[in-house]
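Residue strings, one per chain:
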Amino acid sequence: MSRTAKAAVYDAPNTPFVLKEYPLRPVKNDEVLVKVTMSTICRSDIHSYEGHRPNPCPGILGHEIIGTIDQLGSDIKKDMRGDTLKVGDRITWSEYFYHGECYYREVHDMPQKCHGVRKYGHDLAEEDPHFLGGFAEYCYILPGTWILKLPDELSDEEATPINCGVATMVSVTEAAEIQMGDAVVVQGLGLLGLYGCAMAKARGARLVIGVDAVESRLDVAKKFGADHTFNAAKMKPAEVTKAVRALCKPDGADAVIEVCGVPDVIPQGMEMLRTGGRYVLGGLVSPGANVTIDANMIVKKWIQMRGIHNYHPRHLIQALDFVMANRDRFPFKSIVDSKFQLKDLQEAFRKASERTVLRAAVIP
Ligand SMILES: [Zn+2]
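This is a predicted model, so every value here is computed, not measured.

Novice: How should I be thinking about the pairing of strand 3 (residues 32–40) in this particular structure?
Specialist: Moving residue by residue along a regular strand, the side chains alternate between the two faces of the sheet. Across the nine residues of strand 3, seven count as buried, placing the element largely inside the fold. Here eight bridges tie strand 3 to strand 4 (residues 64–72), and the two strands are oriented antiparallel to one another. Residue K35 lies in a different strand from strand 4, and its bridge partner there is T68. Here strand 3 runs beside strand 8 (residues 138–141); their pairing, made up of four bridges, is antiparallel.

Now the structure itself:
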């Protein structure tokens, strides 16, 4: 008796998701089949859905996924930390995978930027093995993926964003070189920004300042370690900059992190920095993020500017450990604030797109 399972398929940008059934086949020796327990809608899923960046159609979106092992290939014995894997274990896994040798991995230790790197939620649903995205009942894990077993005490809500949002912010805050006693500004208080505030505090920042244009997010950010917040919709940019600089004594922030996806905030972030400050851009994931800056400021202020995209496998382990170590200090569980069935994916995307929910979860 052959098995089939359902997926909410994305046929073309901005068209309704269609529930379709595809066959499930036995795993190969180096694959895992996972029964999806939760997937969350990442901002980049919305960018794909709205056609801001190319994504194969028809496809299954979703890359923030967790699930339990349904079938385990005979070659796969352990997770990336060495824990034994068995059928029924709840796992997370890297949002990307790659095969073969690569200059970036072998020479520069940047496996996340290998040529030919593939990401879950970015394949054609019509091709074998069909299930390679989160908004479906099952997902195949292909060779070249890093698998990590999840501790039982961690809720699905805490665990699901780990393999994208949380791991990305480990990478971003590492690149920002946050030191004990630093003053850190976080531009954008969506999921990335909230984890950014919490990680800045956990890395020893004395002062964390959050900026966002959505009022409700400002109070939430205070629960995630922000000491001060400013509403960019209610203040002029120059007023926000002045207020931030007044808090970051004596001469501005040590680090600014951009995770709002709005290129216009870059000149403001540069103004907020002290001489020698670090600026890490993590939110500008779609092409066309043009902005005019006075590059003289980069020179005169010795600004160190970095872009971060994706994360190293070690950041996945650090993301899980960070959440485990700080889940009593910060209310990570509250970030996933709405749940939908697979058939209601359309509504989930609409709410996530309007930002009326923080992180929408799909439970197939
Ligand atoms: Zn994502």
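Novice: Looking at this structure, I do not really get the packing of helix 4 (residues 165–175) against helix 10 (residues 313–326). What am I missing?
Specialist: Between two packed helices, both the angle of their axes relative to each other and the distance between the axes serve to describe the pair. Following both chains from N to C, one finds helix 4 and helix 10 inclined at 105°, their axes separated by 8 Å at the closest point. The angle between helix 4 and helix 10 places the two elements in the roughly perpendicular class. Here V166, A167, V170, S171 and E174 of helix 4 come into contact with helix 10, specifically with R314, H315, L316, Q318, A319, F322 and V323. The residue inventory of the contact of helix 4 with helix 10, partitioned by class, reads seven nonpolar, three polar and two charged.

Novice: Please clarify how the packing of aromatic side chains should be interpreted in this entry.
Specialist: For any pair of aromatic rings, the description rests on two quantities: the centre-to-centre distance and the angle between the ring planes. Summed over all chains, the structure comprises 15 aromatic pairs. Seen in terms of ring centroids, Y96 and Y311 are 5.7 Å apart; in terms of plane orientation they differ by 65°. Their pairing is edge-to-face. Of the two residues, Y96 sits in strand 6 (residues 96–97) while Y311 sits in the loop between strand 15 (304–307) and helix 10, which places them 215 residues apart along the sequence. Judged by its relative accessible area of 0%, Y311 is buried. Taken together, Y10, F17, Y49, F135 and F349 form an aromatic cluster joined through their ring pairs.

Novice: Explanation requested: the coordination of the zinc ion in the structure shown.
Specialist: Under perfect tetrahedral coordination by four donors, a metal shows angles of 109.5 degrees; under perfect octahedral coordination by six donors, it shows angles of 90 or 180 degrees. Ligation of the zinc ion by protein atoms is provided by C42 (SG), H63 (NE2) and C164 (SG), these donors lying 2.0 to 2.2 Å from the ion. Considered as a linear motif, the donors of the zinc ion on their single chain read C-x20-H-x100-C. A residue pair is termed long-range when its members are at least 10 positions apart, and C42 in the loop between strand 3 and helix 1 (43–49) and H63 in the loop between helix 1 and strand 4 qualify at 21 residues.

Novice: Is there a simple way to think about the packing of helix 4 against helix 5 (residues 191–202) in this case?
Specialist: Contact pair helix 4 / helix 5: the axes reach a minimum separation of 9 Å and the direction vectors enclose 50°. Taken together, the axes of helix 4 and helix 5 lie oblique to each other. Taken as a pair, helix 4 and helix 5 cross one another with a handedness that is right-handed. For the pair helix 4 and helix 5, contact is made by G165, V166, M169, V170 and T173 and by L191, L192, Y195, G196 and M199, respectively.

Novice: Sorry if this is basic, but what is going on with the sheet that holds strand 12 (residues 228–231) here?
Specialist: In any sheet, the strands associate via hydrogen bonds between backbone groups, in a parallel or an antiparallel arrangement. What the six strands build is an open sheet, ordered 12-11-10-13-14-15; its pairing is parallel. A strand with exactly one partner marks an edge of an open sheet, and here the two such strands are strand 12 and strand 15. Neighbour-to-neighbour, the strand axes of the sheet open up by a mean angle of 15°, direction not taken into account. Bridging between strand 10 (residues 183–187) and strand 11 (residues 207–212) involves five bridges; their strand directions are parallel. Counted as the bridge partner of V186 is G210 from strand 11. Taken strand by strand, helix 5 contacts strand 10 and strand 11, and its axis lies near 170° from that of strand 10.

Novice: What is the right way to look at the pattern of salt bridges in this model?
Specialist: Once the charged atoms of two side chains with opposite charge are near each other, the side chains can pair. Tallied over the entire structure, the rule returns 26 salt bridges. A salt bridge links D251 to R245; its shortest N-O distance comes to 2.8 Å. Assessed through its relative accessible area of 25%, R245 is described here as partly exposed. What you see here is one network of salt bridges that share partners, running through D11, K20 and E126.

Novice: Mind showing me how you'd approach unusual backbone geometry here?
Specialist: Both trends apply: most residues other than glycine have a negative phi, and most peptide bonds are in trans. Of the consecutive residues C57 and P58, the connecting peptide bond is found in the cis state with omega at -10°. Residue position: P58 is located in the loop between helix 1 and strand 4. The omega angle of the peptide bond from K249 to P250 is 0°, so this bond is cis rather than trans. Take P250: it is sitting in the loop between helix 7 (237–247) and strand 13 (253–258).

Conventions and cut-offs
- Residues numbered from 1 in each chain as written.
- Predicted model: local features only at pLDDT ≥ 70, side-chain atom pairs only at ≥ 80, totals over all residues.
- Heavy atoms only, no water.
- Buried < 20%, exposed > 50% of the residue type's maximum accessible area, 1.4 Å probe, protein only.
- Helix = DSSP H or I, 4+ residues; strand = E, 2+ residues; numbered from the N terminus.
- Pairing = 2+ DSSP bridges.
- Axes fitted to C-alpha atoms, helices over the stretch in contact; angles between N-to-C directions.
- Parallel < 35°, antiparallel > 145°, perpendicular 65-115°, else oblique.
- Contact = heavy atoms within 4.5 Å.
- Nonpolar A, V, L, I, M, F, W, Y, C, P; charged D, E, K, R; others polar.
- Phe/Tyr/Trp six-rings, centres within 6.5 Å; stacked < 30°, edge-to-face > 60°.
- Donors = N, O, S within 2.8 Å, 3.2 Å for Na, K, Ca; no water.
- Left-handed = near helix turned anticlockwise from the far one by under 90°.
- Salt bridge = Lys/Arg side-chain N within 4 Å of Asp/Glu carboxyl O.

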